[in-house]
Amino acid sequence: MTTNQPTAVLKGSEHTQTNRRAAITAPNLIRFAGIAAMLAGILFIVVQMIHPADILSSVNTGRWAIVHYLGVSMCFLGMLGVTGIYARQVEKAGWPGLAGYLLLSIFYALTMAFQFIEAFVSPPLAAESPTFVEGMLGIPSGNVGDNNVGFLETIYSVTGGLYLLGGLLFGIATLRAGILSRWAAGLLTVGTLLPLPLSSLIHHPYDRILAVPVGLGLAWLGYSVWSKRKNALHPRGTGTVEMEG
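The sections below set out a description of the structure shown in this document. (Residues numbered from 1 in each chain as written. Predicted model: local features only at pLDDT ≥ 70, side-chain atom pairs only at ≥ 80, totals over all residues. Heavy atoms only, no water.)

**With respect to a nonpolar patch on the surface**
Now for step 1: Residues Ile24, Leu29, Phe32, Ile35, Leu39, Trp183, Trp220, Tyr223 and Trp226 make up a contiguous nonpolar surface patch of roughly 1000 Å² in combined accessible area.
Now for step 2: Listed by contribution, the elements that provide at least two residues to the nonpolar patch are helix H2 (26–50) and helix H9 (211–227).
Now for step 3: Top contributing element to the nonpolar patch by residue count: H2, with 4 residues. (Patch = residues over 30% accessible without salt bridge, like charges linked within 9 Å, V, L, I, M, F, W, Y side chains within 5 Å. Areas by Shrake-Rupley, 256 points an atom, 1.4 Å probe, with all protein chains shown as cover. Salt bridge = Lys/Arg side-chain N within 4 Å of Asp/Glu carboxyl O. Helix = DSSP H or I, 4+ residues; strand = E, 2+ residues; numbered from the N terminus.)

If you want it as structure tokens, here you go:
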């Protein structure tokens, strides 16, 4: 009895470690990415709703810092989220799904860089070079004036194109794939296109309200990914079989 006890303990430890490794599976990672998409969608709405006025006096306020810290987090979670959404339907999303995923990923990466600059660079720069910071603040509304902001205005315009085309392709691909919620995919698609007909009617900063459908669509798709889990069962010949839950 005494001789076999260490062996039993060792086997029990190995079994526990195997179960922990088995828990880190591709379906589980995709589900966690679904949670990231839900958070990204919610933060996208929150950031737009509490964003302070784009004026120089806002830059060194606590509200400005909080909004752009959340903006950096939103972009990071958004990259994880769209990766999970794409991975969940990769076999049926086709080239529009891949193109939309890549465009949205680049959009989030560039937007995260802008959010980082506004969170950590603009506040100390506002005292030393207020004219440059005012020019940056005018980029979203197109009122840069005579301020020289280099290529930042062009890059910002590129991010807008990535957002529109990427969201459109990704939404259509998700609709066609038919794996995740079609209502969520439709909301994302329509929400992405809303700025085109409404931009002439709703001017900045009131156009921030147009983020609501896109944020809801992304969060809804994230929930759809999270809720449609795959369970590993005993397979035919290999050891696992995937079942939709």
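**Let's talk about the packing of helix H3 (residues 62–88) against helix H4 (residues 90–128)**
The angle between the axes and the distance between the axes are what describe a pair of packed helices.
Now for step 1: Direction vectors running N to C along H3 and H4 enclose 165 degrees, while the axes themselves pass 9 Å from each other. Put simply, H3 runs roughly antiparallel to H4. H3 and H4 meet at a crossing whose hand is left-handed.
Now for step 2: Residues that form the contact of H3 with H4 fall into these classes: 22 nonpolar, 8 polar and 2 charged. (Axes fitted to C-alpha atoms, helices over the stretch in contact; angles between N-to-C directions. Parallel < 35°, antiparallel > 145°, perpendicular 65-115°, else oblique. Left-handed = near helix turned anticlockwise from the far one by under 90°. Nonpolar A, V, L, I, M, F, W, Y, C, P; charged D, E, K, R; others polar.)

**Description of the nonpolar core**
Now for step 1: Counting 31 residues, the largest nonpolar core has Val82, Ile85, Tyr108, Phe170, Leu218 and Leu221 as the members making the most contacts within it.
Now for step 2: Counting residues per element, the ones that place at least two in this core are H2, H3, H4, helix H6 (152–177), helix H7 (182–193) and H9.
Now for step 3: Look past the residues within four positions of Leu221 in its chain and what remains in contact with it is Ile85, Thr174, Leu180, Ser181, Ala184, Ala185 and Leu188.
Now for step 4: Core analysis: the second largest hydrophobic core is formed by 6 residues, Phe114, Val144, Val149 and Leu152 among them. (Core = buried A, V, L, I, M, F, W, Y, C linked by side-chain atoms within 4.5 Å. Buried < 20%, exposed > 50% of the residue type's maximum accessible area, 1.4 Å probe, protein only. Contact = heavy atoms within 4.5 Å.)

Such coordinate-based values are descriptive only and should not be taken to indicate function.
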